[in-house]
Amino acid sequence: LRVDGGAYFPDQGSAVSVDPSHYEDRSNLPLARSAMPSIPSELVQGEYVRLFLPYRPTSQDELVEAICPGDTPLRNDKPRLSRPDDPGPRPELTARALSCLGSLWKVRVDGTPLSALDPIFGRRDPYGQAGLVAYLPLRYLAPGRHLLEVDRLMEAPVQAGAGDPSSPAQSPGEWRTYFIPFWK
């Protein structure tokens with residue numbers, strides 16, 4: 001609920017508004033609870049910008065099971081003792097998990113889709129929120145304002161043939177777009 005009024009000011013984020021929750025140096029939200037993708041700052045220097053895509057197990061685990069059926073979870077919620085010599089999940093399971101979690105997101109810079117997001121597992125400081133980290137190349141961008149558009153799959157696509165993954169999707173699923181303007 002907003003009470004500040006203003007018929008000419010948008011209530012929600014858009015391509016021409018700055019939402020501080022998308023910038024880690026400006027957010028006043030506890031980042032550990034935020035579902036917002038973020039970059040370190042609205043002012044970007046260098047050849048790459050780090051994009052953090054939060055992992056929300058309560059909603060995303062169900063999506064992963066729907067769009068990547070048969071994938072084995074990297075861990076279960078059963079308590080276990082960890083050993084220093086534990087090698088962790090097999091590399092092929094980790095690669096499949098990264099690929100599937102990465103498919104929950106689409107990213108565009110200035111309207112151009114990034115075909116190879118190539119995320120890795122990471123955590124967002126200072127609270128250690130789990131998520132994916134992708135480094136987006138910026139060296140080809142001119143100085144000035146740019147727009148990062150991040151789409152997050154909110155609801156899995158519906159298949160025409162129930163249980164037949166080879167049948168075409170009837171619906172593409174529900175996506176939410178986050179707009180993150182930045183300056184280089």
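An account of the accompanying structure is given in this report. Keep in mind it's a predicted model, so treat the numbers as computed, not measured.

Details of the overall build of the protein
- For the protein, the helix and strand inventory stands at 2 helices and 9 strands.
- Put simply, the protein runs from its N terminus to its C terminus through helices and strands in the order β-α-α-β-β-β-β-β-β-β-β.
- Across the 184 residues in the protein, those meeting the buried criterion constitute 34%.
- Residue pairs in contact within the protein that sit at least 24 positions apart in sequence constitute 65% of those at least 6 positions apart.
- Put simply, the protein shows about 11,900 Å² of open surface, and 54% of that area lies on carbon and sulfur atoms.

Quick word on the packing of aromatic side chains
- Per the counting criterion, the structure on display carries 0 aromatic pairs.
- Its end group placed over the ring of Trp175, Lys106 keeps NZ or CZ at 4.3 Å from the ring centre.

Description of the nonpolar core
- Ranked by size, the top nonpolar core spans 30 residues in total, and within it Ile39, Leu51, Trp105, Leu136, Leu148, Val150 and Phe182 carry the most contacts.
- Listing elements by their share of this core, those giving two or more residues are strand S1 (48-54), helix H1 (57-67), helix H2 (91-102), strand S2 (105-109), strand S5 (129-137), strand S6 (145-155) and strand S9 (174-183).
- Every residue in contact with Ile39, bar those within four places of it in the chain, is listed here: His22, Tyr23, Glu24, Val44, Val49, Arg50, Leu51, Leu148, Ile180 and Phe182.

With respect to a nonpolar patch on the surface
- Residues Tyr48, Ile120 and Tyr135 make up a contiguous nonpolar surface patch of roughly 320 Å² in combined accessible area.
- Relative to the helices and strands, Ile120 is located in strand S4 (residues 120-124).
- Overall, the relative accessible area of 44% leaves Ile120 in the partly exposed class.

Digging into the pattern of salt bridges
- Taken as a whole and judged by the stated rule, the model has 5 salt bridges.
- In this structure, Arg50 engages Glu24 in a salt bridge whose closest nitrogen and oxygen atoms are separated by 2.8 Å. With a gap of 26 residues between them, Arg50 in strand S1 and Glu24 in the segment before S1 connect regions that are remote in the sequence.
- The class for Arg50 is partly exposed, based on a relative accessible area of 23%.

Things to note about the sheet that holds S4
- Sheet architecture is open: 3 strands sit in the order S1-S5-S4, paired in antiparallel fashion. Edge positions in the open sheet fall to S1 and S4, since each of these has one partner strand only. Within this sheet the neighbouring strands show an average axis-to-axis angle of 45°, counted without direction.
- Where S4 and S5 come together, 5 bridges link them in antiparallel fashion. Residue Ile120 lies in a different strand from S5, and its bridge partner there is Val133.
- This element, H2, spans S4 and S5 of the sheet and lies at about 65° to S4.

A closer look at the sheet that holds S2
- Reading across the sheet, the 4 strands line up as S3-S2-S6-S9 and stay open at both edges, with antiparallel pairing between neighbours. Looking at which strands have only one partner, the edges of the open sheet turn out to be strand S3 (112-113) and S9.
- In the sheet, S6 pairs with S9 via 10 bridges, with the strands oriented antiparallel. In the strand pairing of S9, Asp151 is matched with Thr177.

Calculation notes
- Residues numbered from 1 in each chain as written.
- Predicted model: local features only at pLDDT ≥ 70, side-chain atom pairs only at ≥ 80, totals over all residues.
- Heavy atoms only, no water.
- Helix = DSSP H or I, 4+ residues; strand = E, 2+ residues; numbered from the N terminus.
- Buried < 20%, exposed > 50% of the residue type's maximum accessible area, 1.4 Å probe, protein only.
- Contact = heavy atoms within 4.5 Å.
- Areas by Shrake-Rupley, 256 points an atom, 1.4 Å probe, with all protein chains shown as cover.
- Phe/Tyr/Trp six-rings, centres within 6.5 Å; stacked < 30°, edge-to-face > 60°.
- Lys NZ or Arg CZ within 6 Å of the ring centre and 35° of its normal.
- Core = buried A, V, L, I, M, F, W, Y, C linked by side-chain atoms within 4.5 Å.
- Patch = residues over 30% accessible without salt bridge, like charges linked within 9 Å, V, L, I, M, F, W, Y side chains within 5 Å.
- Salt bridge = Lys/Arg side-chain N within 4 Å of Asp/Glu carboxyl O.
- Pairing = 2+ DSSP bridges.
- Axes fitted to C-alpha atoms, helices over the stretch in contact; angles between N-to-C directions.

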